[in-house]
Amino acid sequence: MEQTIEDPPTSAVLLDHCHFSQVIFNSVEKFYVPGGDITCYYTLTQHFIPRRKDWIGIFRVGWKTTREYYTFMWITLPVDLNNISAKQEVQFKAYYLPKDDEYYQFCYVDQDGVVRGASIPFQFRPENEEDLLVVTTQGEVEEIEQQNKELCKENQELKDSCVSLQKQNSDMQAELQRKQEELETLQSINKKLEQKVQEQKDYWETELLHLKEQNQKVSSENEKMGITVDQLQAQLSTQEKEMEKLVQGAQDKTEQLEHLKKENGQLFLSLTEQREHQKKLEQTVEEMKHKESAAAKKQQELTEPKNQKTAVEEQLVQEVERLKAKVEAGKACFLEKYKECHRLHKQIRQLRVAAMEVKQYQKSRQEPMGMGSKESAVSTVIGMRTLTCQEDWVRTRLYMILCRERRRE
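Nothing here was measured: the structure is a model prediction, and the numbers come from that model.

Peer 1: Mind showing me how you'd approach the overall build of the protein here?
Peer 2: A count of helices and strands for the protein gives five helices and nine strands. Scored against the burial criterion, the 409 residues of the protein give a buried share of 27%. Pairs at least 24 apart in sequence give 72% of the contacts found in the protein among residues at least 6 apart. Surface accessibility of the protein: about 29500 Å² in total, with carbon and sulfur atoms responsible for 53%.

Peer 1: I would appreciate a short explanation of the pattern of salt bridges in the present structure.
Peer 2: Pairing is possible between side chains that carry opposite charge, provided their charged atoms lie close to one another. Inspection of every chain in the model, using the stated rule, returns 11 salt bridges. As a salt-bridge pair, Glu175 and Arg178 come within 2.3 Å of each other at their nearest N and O atoms. Note that Glu175 and Arg178 are positioned in helix α3 (residues 138-303) at a spacing of three residues, about one turn of the helix. For Glu175, a relative accessible area of 32% corresponds to the partly exposed category. The exposure class of Arg178 is partly exposed, given its relative accessible area of 34%. Note that Arg322 is salt-bridged to Glu319, the shortest N-O span being 2.3 Å.

Peer 1: Before we go on, may I ask you to explain the nonpolar core in this structure?
Peer 2: Soluble globular proteins: nonpolar side chains tend toward being buried together. Core analysis: the biggest nonpolar cluster contains 21 residues, and Phe25, Tyr42, Ile56, Phe92, Phe106 and Tyr108 have the highest contact counts within it. Among the secondary structure elements, those contributing two or more residues to this core are β1 (23-26), β3 (38-44), β4 (55-60), β6 (87-92) and β7 (104-109). The biggest single contributor to this core is β3, with four residues. For Phe92, the contacting residues outside a window of four places in its chain are Asp37, Ile38, Cys40, Ile56, Ile58, Thr71, Phe72, Met73, Leu97 and Phe106. If you look at the next biggest cluster of nonpolar residues, it comprises seven residues, including Phe20, Trp55, Trp63 and Val115.

Peer 1: Help me out: how do you make sense of the pairing of β7 in this one?
Peer 2: Within a regular strand, side chains alternate between the sheet's two faces. Counting buried positions over the six residues of β7 gives six, a clear majority of the element. Looking at chain direction, β7 and strand β8 (residues 115-118) are connected through three bridges and run antiparallel. Bridge assignment links Tyr108 to a residue of β8, and that residue is Gly117. Following β7, the chain reverses through five residues before pairing antiparallel with β8; Gly113 in that reversal takes a positive phi of roughly 85°.

Peer 1: For this particular structure, what's the right way to read the sheet that holds β1?
Peer 2: Adjacent strands of a sheet form backbone hydrogen bonds with each other and so pair up, either parallel or antiparallel. Within the open sheet, the three strands sit side by side as β1-β3-β6. Their pairing is antiparallel. Strands at the two margins of the open sheet, each flanked by one partner only, are β1 and β6. Here the strands of the sheet are splayed against their neighbours by 35° on average, with no regard to which way each runs. Both β1 and β3 contribute to a ladder of four bridges, which runs antiparallel. Its bridge partner being in β3, Phe25 is matched across the sheet by Tyr42.

Peer 1: Got a minute to help me understand unusual backbone geometry in this structure?
Peer 2: Leaving glycine aside, a negative phi is the common case for residues, and trans is the common case for peptide bonds. The phi dihedral of Ser27 is positive, around 55°, even though this residue is not glycine. Among the structural elements, Ser27 can be located in the loop between β1 and β2 (31-32).

Conventions used here
- Residues numbered from 1 in each chain as written.
- Predicted model: local features only at pLDDT ≥ 70, side-chain atom pairs only at ≥ 80, totals over all residues.
- Heavy atoms only, no water.
- Helix = DSSP H or I, 4+ residues; strand = E, 2+ residues; numbered from the N terminus.
- Buried < 20%, exposed > 50% of the residue type's maximum accessible area, 1.4 Å probe, protein only.
- Contact = heavy atoms within 4.5 Å.
- Areas by Shrake-Rupley, 256 points an atom, 1.4 Å probe, with all protein chains shown as cover.
- Salt bridge = Lys/Arg side-chain N within 4 Å of Asp/Glu carboxyl O.
- Core = buried A, V, L, I, M, F, W, Y, C linked by side-chain atoms within 4.5 Å.
- Pairing = 2+ DSSP bridges.
- Axes fitted to C-alpha atoms, helices over the stretch in contact; angles between N-to-C directions.

See below:
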């Protein structure tokens, strides 16, 4: 008893950390008779929701933490959670109860270890012990009265604290309601955002699939283009080699053209000589015509006296026949020379055209080569080949003419 008086039950230490007003204990006796079971009655407030691991413990007054319980019992969840304000109960067996006469109290502890409610203090002692104390010891009665006064004061403080806690609880409920509304709004926004995110995700998945298909197509086309590029590079290499050969051939043809120019100059000189020779032949023909006319006159004069033919007449007839043959030969040679000169003029014009094409080809070689330059180079080479055939033919014809003239001389 002295220990109980020296350490009165208080809850000042726990007011900042616990919520004693959420569970209210009912019908708590001032003392319980040892040796019997006791039933603890309690009521849950409106805003408190019990959980399966909540429990009620018997604590010695003056406890500091929930680990200092003497014994405990698990609660039974209400059948109707919508009507939790009904009176609940839990029974403690006698052999678990304290055997001393210290002051104890019931405490409701949730599964998080937080005290949600506490009862008024009580004792475990025989029923007639209080009467004996009142009759036999006046000092103990005064101590009990003093203790009752302190307990009443404690109770009043607890009531005041309960009112304050109820007000705080009301404010917190309003705040909770406001937070709940905000939570619902946020959940609605979150749901919309999740829907948008899912739609965006589906869209990006579709786009990713489409991009993968395009990537496969591009890869396939790149492979085909790689093969085509290799083929084109091989063709280009071949064409470059052919072009080098054509350029080399063009250089050779240029040299041949220079040589032909020189021969052309010689042909002009030879043509001039032929023209002079032709003039001489024309003069010879004129002379032969005069001689023929003179011989005809002489023959006419000689034919009159038929019986006076002499050796001189026969010589004259032979000379006339020879001169006629020579005139005919001169005419044929003149005609042939005239035709040859016409052919030579034509070949000279062709050579000039070919020279102009070669100059254009040499000029095009100085520009960057493209597909068009290759085509013009090929056409120029074909023209050079044709020109080469013509040059060979002209050269052969000139050679034959010169040989014929030499023979005649």
